[in-house]
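# Examination of the molecular architecture
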Amino acid sequence: MLRFILRRFVTLLITMLALSILIFGLSEVLPIEPALVILGRESTPEARAALSEEMGFNRPLPERYVNWLVRFISGDWGDSYRLGAPIQPLVMRRLLNSTILAALALLIISPISLFLGVIAGLYRARWPDRAISAGSLLTISLPDFVVGLLLIIIFSWWLKLLPADSSLRGADIDLAQHWRKLILPAVTAAFVLVGYITRVTRVSMIEVMDSPYIRTAILKGLPYRTVIIRHALRNALIAPIAIITTQFAWLVGGLIIIEQLFNYPGLGSLFADAARSNDLPMIATSSMITVSLIVFSQVIADVLYGLLNPRIRFS
Amino acid sequence: MTPVLDIQNLNVNYHSSRGIARAVRDLSLTIEGGETYGLVGESGCGKSTVALSIMRYLPRQAQDSGGIRFQGRDLMQAPAEELRHLRGNRIAIVYQDPQSSLNPVLTIERQLSEVIAAHEEHSASESRRRILDMLERVRMPDPQYILGRYPHQLSGGMQQRIVIAMALLLRPDLVIMDEPTTGLDVTIEAGVLDILDDLRREFKMAILYISHNLGVIARICDRVGIMYAGELIEQAPVNDIFAHPSHPYTLGLLRCVPRQGLRYTNEALYSIPGRVPPLTALPQGCAFAPRCVLAESACTAAHPRLESTAQDHSARCIHWETVVEQPERVTFTRPLSSQTDQNSEKNLLNVRGLKVYFMQALDVLGIRKRPNIKVVDGVDFDLPAQRTLGVVGESGCGKSTIAKVLAGLTPVTSGKIEFSGSDFAKPIESRSSDSLQQLQMVFQNPDSSLNPRHTISQTLSRPLRRFKIVPQDQENETIIGLLRSVNLDESYLDRYPSQLSGGEKQRVAIARAFAGNPELVVCDEPISSLDVSVQAAVLNLLHELQHQRKVALVFIAHDLNVVRYISDEVAVIYLGRICEIGPTDRIFSPPSHPYTEALMSAIPVADPNAQINPIRLSGNVPSPANPPTGCHFHTRCPRKIGAICETHEPPAQEAGDNHKIFCHIPLDELRVLQTDVMVKM
């Protein structure tokens, strides 16, 4: 098992390295002149040339790549052109905010969607399945901003239970103090995924219940509960759990609309701003962070998959 | 005495959008304690539905009526809790495909111990003791070790022994075996059958043994029931069924399997024309009448009753008295073209030192180099024009890889393949159009080798156009000719593969292979996915086409009798190497390679009185990534003579007439050893 995990991590490193080359290459190709972004349009060409020289933009490409990579790995992600401040502390704070929101969303998604999916699979083509399938289709087809607005209308305007504004006003996140602000964005994010994961679980459950080994288990004379819990669930939950894990990256880095809607200071909106303002170091950092998140959650998914499925573990 | 199982007038209907399929019709049978009852029939005739009905595990769209009594208890009325107590405890079932019937994520111990836990109360140590005891009885090597394994870590034969152990754990009174050895290699099958045969004597349980293989039935059953289209059409003690078949279908089943020793030079194979009728639209009267040579108007007028023909013997046929008078020998429907031109001194195909290694993925760190998998490891053979070379061996021996290499679908690692003068050791992309035309293939599974979106006429026109066989205006005519040559007519032109039966699809696949006027057709297990009644017809046809069109065949199969029937020469392969190669008659008489001998003795013979000398191979085929040293076969060889087998590759011994045996044992010794024990065939 340890070797399996080790192998996965080596693959992870290689993938990251390849992607870092791609990201660096892309920021080279982009028609952005850093000195122009920093000094503004009114600057003299001489000043811009001097700045470019000072920042090392005239060095050969491989050298710049290696320098960039070394600095990136050692935690020096440079200064943001737009904000003129170091990127690293800013991103780390946003990363923490986003991770907490994503974790909360997953806590809502996992039990609900796995439970509903299993029930729908067990009662295939009967009313519990029809109701669950229709419900999950509905949540999948509703865009996140519609869900978010509906929740704001219901819980903030009508019931006045929860705040519609989730901004932290520059403060570090503190669960004891801010938990009420997290609920609406987390529920909105959960809404988008719950239907999808429910459907995956349902299909997986149906497939397992039709399999010959479930027939074996039933015809062994095992009590129905044992058949479901011991034989069916272990197999049926493998696929949805792996999928939930891979969605984590998206929940952390991809909730741009939800963050904007609730004014929540997460990674998604930070990255979106960077892209709009040609903030090269921030764009590179955001790409690297997003890629790391995706690759990392994929590895976690693989490891989980291996743990749940001995066929993978021992091959 | 109440029988253990008593089924009366069982009817099972499946409701589907296409109507009501009558899967089982009015079936009655009883099985006494200690008796093994064989239920025989082709796929789709209702055997497995009977099994599921007994277990009360029919799918929701199925409805059954009638009576099923187990030791006097009515199973149809039994409440769920009572059924649960019976299942796995008093009634157990073993299915085909053990791999999928074991749970992949639970250890073997867990899956066995829960059977005991569900029905009896025992301490963990007592439960473990009983499991180990049962594993010993199914001759599982190293049971302690096996307990901690997962199913995928065991071979097919071992998995099936686990499933059998699971079924017998609580000493049930009735065991249903649904094709338990289908899908296993003959050598493994023989071992599993030995175990079953011993255990049924020891445990005195009633067994319902479902199979399509009459050889297996002859070996293990006391009484036999033959099913056709959902009905029992004949029932008798096993000896009577084989000695006096009283239904034309039974007779057909018995005769269409190539008997030992049968060769194409002597006679054509007996075959049953047509196909099993769809269960949603059964014909009037006797369901077999449309395929029966004895059919007359009386057969279609009224549904025949199951008549008693002798003591304990009954048949559902109004002609039961004349059935056995059917002529035994059959000739080919079309006269074969004059004998093969014997001037074929020139070989069409020369293969020398053929090696195919598969590289294993490197360790990610690249530290340990993994060995190559030697799938084919130095194979030499020749094939004269218009002749047939049969290739046999257990699964994983490299047979199919040889086919793929000839077709250019798998790259050659080293070695020479010369085909009518040109180099064929290159991949298919770099072969010339002529080369492509000269060599065609027929695959095992016609479902996946025919394009489902092409009509039959599109499928057959493709090679005609690609190789410019006929001018455009004669194309249609040629296609109809091709269809006729495989006993289909022009009504098939616009049909799609999904509208054809398995046998018909394989005929189309054969017609396609012959369409381009090839010189060699490579057939990879061409009949093993087909029903027995259809196999013979397809084999006859393949042979007729070969002779009319003067084509050479490489015929790959695991069934020794089939290979013997159709081949002029045979190569026996083990772990990527040839053990023995030569003219067919020579291969099948002493002296033979010990592996060939074991393969022959493993075939179940469709004769309950057959005296066979059991030679059983121990263990499984070793991994080709790490083959044994010296003679590859020494780890399983029952005739191993000593250290030389482990250290030295066996020499090629010439047994005359181009018959080569790769073995350290001197030929004279082999001949003496084998003449003593082998029944002269």
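Chains are numbered independently. Their residues run from 1 in the order of the written sequence. Written order decides the labels, with chains lettered from A and ligands numbered from 1. The predicted origin of the model limits local features to residues at a pLDDT of at least 70 and limits the giving and counting of side-chain atom pairs to 80 or more, whereas totals for whole chains, interfaces and linings rest on all residues.

## What to know about the overall build of chain A
Only DSSP runs of H or I with at least four residues qualify as helices, and only runs of E with at least two residues qualify as strands; both kinds are numbered from the N terminus onward. Helix and strand counts for chain A stand at 15 helices and zero strands. A principal-axis box enclosing the C-alpha atoms of chain A has dimensions of 85 × 55 × 35 Å. For the exposure call, what matters is how many other C-beta atoms sit within 10 Å of a residue's own: 20 or more marks it buried, 12 or fewer exposed, and in between partly exposed, using C-beta atoms placed from the backbone. Looking at chain A residue by residue over its 315 residues, the buried ones come to 35%. For chain A, long-range pairs separated by at least 24 residues make up 73% of all intrachain contacts whose partners lie at least 6 apart in sequence. Two residues form a contact once the distance between their C-beta atoms, set from the backbone, is within 7 Å.

## Remarks on the overall build of chain B
On a plain count of helices and strands, chain B comes out with 24 helices and 24 strands. We compute the radius of gyration from the C-alpha atoms alone; for a globule the expected value is 2.2 Å times N to the 0.38, where N is the number of residues. The C-alpha atoms of chain B give a radius of gyration of 26 Å, which matches the 26 Å a tight globule of 681 residues would have. Each of the three principal axes of chain B carries a C-alpha extent, and together these read 75 × 65 × 55 Å. By sequence separation, contacts in chain B at least 24 residues apart represent 69% of the contacts at least 6 residues apart.

## With respect to the sheet that holds strand E10 (residues 231-237) of chain B
All names here are of chain B. When DSSP finds two or more bridges between a pair of strands, those strands are recorded as paired. Spatially, E6-E7-E8-E3-E9-E10-E12-E11 is the arrangement adopted by the eight strands of the open sheet, whose pairing is mixed. Of all strands in the sheet, those with a lone pairing partner are strand E6 (91-94) and strand E11 (307-310), marking the two edges. On average, adjacent strands in this sheet sit at an angle of 20 degrees to one another, irrespective of strand direction. Inspection of the sheet shows E11 paired to strand E12 (residues 313-315) by three bridges, in the antiparallel sense. The partner of Glu-307 across the bridge, within E12, is Ala-315. Every axis corresponds to a line fitted to the C-alpha atoms, with the helix fit spanning only the stretch in contact, and the corresponding angles, defined between N-to-C directions, vary from 0 to 180 degrees.

## A short note on the interface of chain A and chain B
Tallying the contact residues gives 23 residues for chain A and 25 residues for chain B. Counting only elements with at least two residues in the side of chain A that touches chain B, the list comes to helix H1 (2-29), helix H9 (212-219), helix H10 (224-236) and helix H15 (310-313) of chain A. Broken down by element, the residue count for the side of chain A that touches chain B peaks at seven residues, all from H9(A). Three residue categories are used. Nonpolar comprises Ala, Val, Leu, Ile, Met, Phe, Trp, Tyr, Cys and Pro, charged comprises Asp, Glu, Lys and Arg, and polar comprises the others, including Gly. When the residues that make up the side of chain A that touches chain B are grouped by side-chain class, the tally is eleven nonpolar, seven polar and five charged.

## Structural notes on the sheet that holds strand E18 (residues 439-442) of chain B
Residues and elements named next belong to chain B. An order of E18-E19-E20-E15-E21-E22-E24-E23 is seen for the eight strands of this open sheet, with the pairing classed as mixed. Every other strand in the sheet has two partners, leaving E18 and strand E23 (652-654) as the edge strands with one partner each. Along the sheet, successive strands turn relative to each other by an average axial angle of 20 degrees, direction set aside. When strand E15 (residues 388-392) meets strand E20 (residues 552-556), the two strands line up parallel, connected through four bridges. Within the sheet, the bridge partner assigned to Thr-388 lies in E20 and is Leu-553.

## Some words on the pairing of strand E9 (residues 223-228) of chain B
Residue and element names in this part refer to chain B. Within E9, six of the six residues are buried, leaving the element largely enclosed by the surrounding structure. The alternating pattern of E9 places Arg-223, Gly-225 and Met-227 and Val-224, Ile-226 and Tyr-228 on opposite faces, both of which are buried. Across four bridges, strand E3 (residues 36-40) lies against E9 in parallel orientation. Of the residues in E9, the one forming a bridge with Val-40 is Ile-226. Note: E9 against E10, six bridges, orientation antiparallel. Of the residues in E10, the one forming a bridge with Gly-225 is Gln-235. Hairpin connection, E9 to E10: the antiparallel pair is bridged by two residues, and Ala-229 has positive phi, about 45 degrees.

## Focus: the environment of Pro384(B)
Mapping Pro384(B) onto the fold places it in strand E14 (residues 373-384). Considering only alpha carbons, one finds Pro384(B) and Asn350(B), 34 residues apart in sequence, at a separation of 8.8 Å.

## Details of helix H11 (residues 248-256) of chain B
Burial analysis of H11(B) places eight of its nine residues in the buried class, the great majority of the element. Of all the positions in H11(B), only Pro248(B), Tyr249(B), Thr250(B), Leu251(B), Gly252(B), Leu253(B), Arg255(B) and Cys256(B) are classed as buried.

## Considerations on the nonpolar core
General note: in soluble globular proteins, nonpolar side chains tend to be found buried as a group. Residues and elements named next belong to chain B. Any nonpolar core is a set of buried residues, restricted to Ala, Val, Leu, Ile, Met, Phe, Trp, Tyr and Cys, that join up through C-beta atoms within 7 Å. Of all hydrophobic cores here, the largest spans 217 residues; its most connected members are Ala-165, Val-175, Leu-406, Ile-510, Val-522 and Val-554. With nine residues, helix H19 (residues 532-549) is the largest single contributor of residues to this core. Once residues lying within four places of it in the same chain are set aside, the contact partners of Leu-406 are Ile-417, Phe-424, Leu-439, Val-522 and Val-554.

## Side note on the packing of helix H7 (residues 144-158) of chain A against helix H8 (residues 175-209) of chain A
Residues and elements named next belong to chain A. Where H7 meets H8, the axes come as close as 9 Å, and the angle between the chain directions of the two elements is 140 degrees. Considered as vectors, H7 and H8 are oriented oblique to each other. As H7 runs across H8, the sense of the crossing is right-handed. Here Asp-144, Val-147, Gly-148, Leu-151, Ile-152 and Phe-155 of H7 lie close against H8, whose contacting residues are Leu-184, Val-187, Thr-188, Phe-191 and Val-192. Across the contact of H7 with H8, the residue classes tally to eight nonpolar, two polar and one charged. Orientation labels follow simple angle bins: below 35 degrees gives roughly parallel, above 145 gives roughly antiparallel, 65 to 115 gives roughly perpendicular, and whatever is left gives oblique. By definition, any crossing whose near helix is turned counterclockwise from its far helix by less than a right angle is left-handed, and any crossing with a clockwise turn is right-handed.

## Thoughts on unusual backbone geometry
Residues and elements named next belong to chain B. Here the amide bond leading from Pro-590 into Pro-591 is cis, since omega sits at 0 degrees, within 30 degrees of zero. The residue Asp-26 is not glycine, and still its phi comes out positive at about 50 degrees. Among the secondary structure elements, Asp-26 is positioned in strand E2 (residues 19-31). Given 15 C-beta atoms within 10 Å, Asp-26 falls into the partly exposed group. You will see that Asp-657, though not glycine, has its phi angle at about 60 degrees, which is positive. Along the chain, Asp-657 falls in the loop between E23 and strand E24 (660-662).

## Overview of helix H13 (residues 399-406) of chain B
All names here are of chain B. With respect to burial, H13 is a largely interior element, six of its eight residues being buried. Within H13, the full set of buried residues consists of Lys-399, Thr-401, Ile-402, Ala-403, Val-405 and Leu-406. One or two positions beyond H13, positive phi appears at Gly-408, with a value near 80 degrees.

## Things to note about the confidence of the model for chain B
All names here are of chain B. Of all residues in chain B, 94% attain a pLDDT of 70 or more, and the chain-wide mean is 87. Across residues 337-341, confidence stays below pLDDT 50; counting only partners more than four residues off in sequence or on other chains, it has five contacts. With pTM at 0.84, the complex prediction returns an ipTM value of 0.81. As a per-residue quantity, pLDDT reports the predictor's confidence and falls between 0 and 100.

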